[in-house]
Amino acid sequence: MPTTILNYNEEIINFLEDVNYGMNEPQFNHLATIIEGIINIGDKVSISKIAENIVKAKDKSCISRFLSNSPWDDELLNSNRLAYIKELLNNELCSDDIGFLVIDDTVNRKNIRTKSMEALDFHYSHSLGKPCWSHCLITSHFVGGAYSVPLQFKPYYRDIKCDELGLPFQSKTDIAKEFIQNFDKPSKLKKIYILMDSWYTSNSLIDEALSENYHLIGGVRSNRNFYPNGNKIKISEFANNLDPNTLDSVTVKGKEYKVYRYQGNIAQIDNKVLLISFEARKDGFEKPVYILSTDTALDNRTIIDYYSVRWNIETSYQYFKENLGLDQYRIRSRISIERYFLICFLAYTFLEVLRVSNKVLPFKTIGETIIHHKNETAKRFIRYIYYQARQNVPLKNIYNLLKLPA
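Residues numbered from 1 in each chain as written. Predicted model: local features only at pLDDT ≥ 70, side-chain atom pairs only at ≥ 80, totals over all residues. Heavy atoms only, no water.

A.B. asks: Whenever I open this one, the overall build of the chain confuses me. Can you help?
C.D. replies: The secondary structure content of the chain amounts to 14 helices and 13 strands. Compactness check: the chain gives a C-alpha radius of gyration of 24 Å against a globular reference of 22 Å for 406 residues, within 12% of the reference. Counting over 406 residues, the chain shows a buried share of 51%. Within the chain, counting contacts between residues at least 6 apart in sequence, those at least 24 apart form 64% of the total. Accessible surface for the chain amounts to roughly 19700 Å². Of this, 47% is attributable to carbon and sulfur atoms. (Helix = DSSP H or I, 4+ residues; strand = E, 2+ residues; numbered from the N terminus. Rg over C-alpha atoms; globule rule 2.2 N^0.38 Å. Buried < 20%, exposed > 50% of the residue type's maximum accessible area, 1.4 Å probe, protein only. Contact = heavy atoms within 4.5 Å. Areas by Shrake-Rupley, 256 points an atom, 1.4 Å probe, with all protein chains shown as cover.)

A.B. asks: Help me understand the side chain of Asn-90 in this model?
C.D. replies: Within the fold, Asn-90 resides in helix α5 (residues 74-92). Among the polar contacts made by the side chain of Asn-90, one reaches the main-chain amide nitrogen of Ser-187 at a distance of 2.7 Å. Every residue in contact with Asn-90, bar those within four places of it in the chain, is listed here: Lys-185, Pro-186, Ser-187 and Lys-188. (Polar contact = N/O pair within 3.5 Å; in protein donor to acceptor, adjacent residues only side chain to side chain.)

A.B. asks: How do you make sense of the pattern of salt bridges when you look at a structure like this?
C.D. replies: Close approach of charged atoms allows side chains of opposite charge to pair. Overall, the coordinates contain 16 salt bridges when judged by the stated rule. For Asp-283, the salt bridge goes to Arg-281, with nearest N and O atoms at 3.0 Å. Overall, Asp-283 belongs to the exposed group, its relative accessible area being 65%. In this structure, the salt-bridge partner of Arg-281 is Glu-286, at a minimum N-O distance of 3.6 Å. When its relative accessible area of 36% is taken as the criterion, Glu-286 is described as partly exposed. When salt bridges that share partners are traced, they join Asp-104, Arg-310 and Glu-314 into one network. (Salt bridge = Lys/Arg side-chain N within 4 Å of Asp/Glu carboxyl O.)

A.B. asks: Before we go on, may I ask you to explain the pairing of strand β4 (residues 147-156) in this structure?
C.D. replies: Regular strands place their side chains on alternate faces of the sheet. Extensive coverage of β4 is indicated by the burial of nine of its ten residues. Linking strand β3 (residues 130-144) back to β4 in an antiparallel pair, the connection comprises two residues, with Gly-145 at a positive phi of about 60 degrees. (Pairing = 2+ DSSP bridges.)

A.B. asks: How should I be thinking about helix α11 (residues 311-322) in this particular structure?
C.D. replies: Residues separated by three or four positions in an α-helix point in the same direction, a consequence of the helix having 3.6 residues per turn. Taking 1.5 Å of rise per residue, twelve residues should cover 16 Å, and α11 covers 16 Å from first to last C-alpha, within 8% of that figure. Of all the positions in α11, only Ile-313, Ser-316, Tyr-317, Tyr-319, Phe-320 and Lys-321 are classed as buried. Where α11 is buried, its residues touch β1 (99-109), β3, β4, α12 (334-357) and α13 (366-390). (Expected span 1.5 Å × (residues − 1).)

A.B. asks: Any chance you could explain the packing of helix α2 (residues 25-41) against α13 here in plain terms?
C.D. replies: Geometrically, a packed helix pair is captured by the angle between its two axes and the distance between the axes. Where α2 meets α13, the axes come as close as 9 Å, and the angle between the chain directions of the two elements is 105 degrees. Taken together, the axis directions place α2 and α13 in an arrangement best described as roughly perpendicular. Each of Glu-36, Ile-39 and Asn-40 in α2 lies in contact with α13, whose residues at this interface are Ile-370, His-373, Lys-374, Thr-377 and Arg-380. Within the contact of α2 with α13, the residues separate by chemical class into two nonpolar, three polar and three charged. (Axes fitted to C-alpha atoms, helices over the stretch in contact; angles between N-to-C directions. Parallel < 35°, antiparallel > 145°, perpendicular 65-115°, else oblique. Nonpolar A, V, L, I, M, F, W, Y, C, P; charged D, E, K, R; others polar.)

A.B. asks: How should the packing of aromatic side chains be read in this particular structure?
C.D. replies: Between two aromatic rings, the relevant description is the distance of the centres plus the angle of the planes. The tally for this structure, following the rule as stated, stands at 20 aromatic pairs. Look at Phe-183 and Tyr-214: their rings are 6.0 Å apart centre to centre, the planes differ by 70 degrees, and that puts the pair in the edge-to-face class. A residue pair is termed long-range when its members are at least 10 positions apart, and Phe-183 in the loop between α7 (172-182) and β5 (192-196) and Tyr-214 in the loop between α8 (203-211) and β6 (215-219) qualify at 31 residues. Here Phe-183 and Tyr-214 have matching classes, each one buried. Among the aromatic side chains, those forming a connected cluster through ring pairs are Phe-153, Phe-320, Phe-345 and Tyr-348. The positively charged end of Lys-110 is found above the aromatic ring belonging to Tyr-329, 3.9 Å away from the centroid. The ring of Trp-133 carries the charged tip of Lys-115 above its face, separated from the ring centre by 4.8 Å. (Phe/Tyr/Trp six-rings, centres within 6.5 Å; stacked < 30°, edge-to-face > 60°. Lys NZ or Arg CZ within 6 Å of the ring centre and 35° of its normal.)

A.B. asks: So what exactly am I meant to see when it comes to unusual backbone geometry here?
C.D. replies: Most peptide bonds are trans, and most residues other than glycine sit at a negative phi. Although it is not a glycine, Asn-213 sits at a positive phi angle of roughly 65 degrees. Along the chain, the position of Asn-213 falls in the loop between α8 and β6. Of note in the backbone geometry, Asn-229 takes a positive phi value of approximately 60 degrees without being a glycine. When you line up the elements, Asn-229 lands in the loop between β7 (225-226) and β8 (233-234).

A.B. asks: Even after reading the chapter, I still don't get the environment of Thr-296, so can you show me in this structure?
C.D. replies: Structurally, Thr-296 can be placed in the loop between β13 (289-293) and α10 (300-308). Once the C-alpha coordinates of Thr-296 and Arg-332 are considered, the two residues, 36 residues apart in sequence, prove to be 48 Å apart. Apart from the residues within four sequence positions on either side, Thr-296 is in contact with Arg-261, Gln-263, Asn-271 and Val-273.

A.B. asks: I keep staring at the state of the cysteines and nothing clicks. Help me out?
C.D. replies: Disulfides are covalent bonds that link the sulfur atoms of two cysteine residues. Overall, the coordinates contain zero disulfides when judged by the stated rule. In this model Cys-162 remains outside any disulfide bridge; the closest cysteine sulfur is found in Cys-136, 12 Å from its own. (Disulfide = S-S within 2.5 Å.)

A.B. asks: Would you mind showing me how to read the packing of helix α1 (residues 10-19) against α12 here?
C.D. replies: Put simply, α1 and α12 touch, their axes get as near as 11 Å, and they point 115 degrees apart. Of the possible angle classes, the one that applies to α1 and α12 is roughly perpendicular. In the packing of α1 onto α12, the handedness of the crossing is right-handed. Taken together, the residues of α12 that come into contact with α1 (itself represented by Glu-11, Ile-12, Phe-15 and Val-19) are Leu-346, Thr-349, Phe-350 and Leu-354. Broken down by class, the residue content of the contact of α1 with α12 amounts to six nonpolar, one polar and one charged. (Left-handed = near helix turned anticlockwise from the far one by under 90°.)

Structural data, given as C-alpha cells:
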C-alpha cells in the first residue's frame, strides 16, 4: 500500500482545530504532519520518513525544530485534549454507565549504546523481568460506555536522574495520586473504579481514591500478609494450600474461575475484600491472581469482571508501540521526546473518537480504525494519480510533486 500522503485527512484537521489553543499556521501544519505520519507510517515511523512521505511536510530539520525549539505550549494543548475528552464523555455517557480509571506504566526500550538521547535510565521492564535502558511513561486510561481512551501521561525519572535534569522528584505513587486528583469525573456517572496492578496498589492510593469518592480494585503482591481465621500468613503460602476444585466457581466473559474470598485486613490495609482467583484451563488451573476491592458489596464475578477492564491499558500500549510508534523516536532532547509523547496521545485520542463516532463503518478496535485511515489515505493517492493521468500531466511532474526520484 502506498505511504505517500498528499493531503491532510479532513477529520484530523477538524479534530486538531477543536483542541488547538491558537497555534500559528506553520505550527499547526507541523502538528498535523506528524500525526498523519504517525498513523500512516506506524511502528517504523521517524522524522525522516514523515518528511519524505508527506507531500506538504517541510524537511526533517524543520520538523525537528518544531519539536525542540518552537514556542508552542504543549501543556495547554494537552489540557485542551483532556477538556475535549471531558466534554465528549459528559455528553455521551449515561448515568447507568460505570467508569474505570486505569493507571499503569510502560517502558520505551532503547539500545544500551544510545548515550546522546536525554533522560535515558534503567527502568524495570515487566515483560523482560529486569531493568532495561529506557524511558518510563506513567499513564492513565479511561474506560466507560463505548469509549476506551488514554488520558494523562507523565514521564517518570528516578531521583538521581531528576537531580541531573534539575527536576523535582516524584515517585510513581506521587504521579498516580496526581492522576486521581486531576481526573475530571464525567458528570453523569455515579460510580468510578480506579484499577491498577499489584505494583501500584497501596494504602496511600486507596486512601486517595476513597477521598475522591471512588472505589479501587487492584492486584495484590503475593508476599503480603493477611489474616484468614485470625491467623497471619502470606497470601502465596495460603494459596499454595488451597485446592481450587473445592472453591466457589464463577464464569466471567466465557472463562471459568475458582475463587476464595476473604474480607478483613490485608497487610496494613484495613477491612477490604481479597479474592484468590484461579482461572480454569483444560489441564488444570493458571497460577492464582490476587485481587483487592475496596467495594465490599461487589460479588466475586463482578470484581473479576471489573478488574479485567484493566487490560484496556495494556492493549493501548500495544497499539501505541506497534501502530503509532510511541517507542520509535530517535530525537535527543527531553522536551522533544515529551512533546512527541503528547502528539502520540493526540493521535490515539483522534482514532478513538473516530472509532466510536463512525456509525457507517463501526470499528471494534483501534487497529481497525487505523486500517480504515490508511485505506482512505491510499484512495486519495490513487485518485490523484488517476486524475493527473487523465489530464496528461507529465510523469516527471508527478514524481516531483510526490517527492519521488524520476
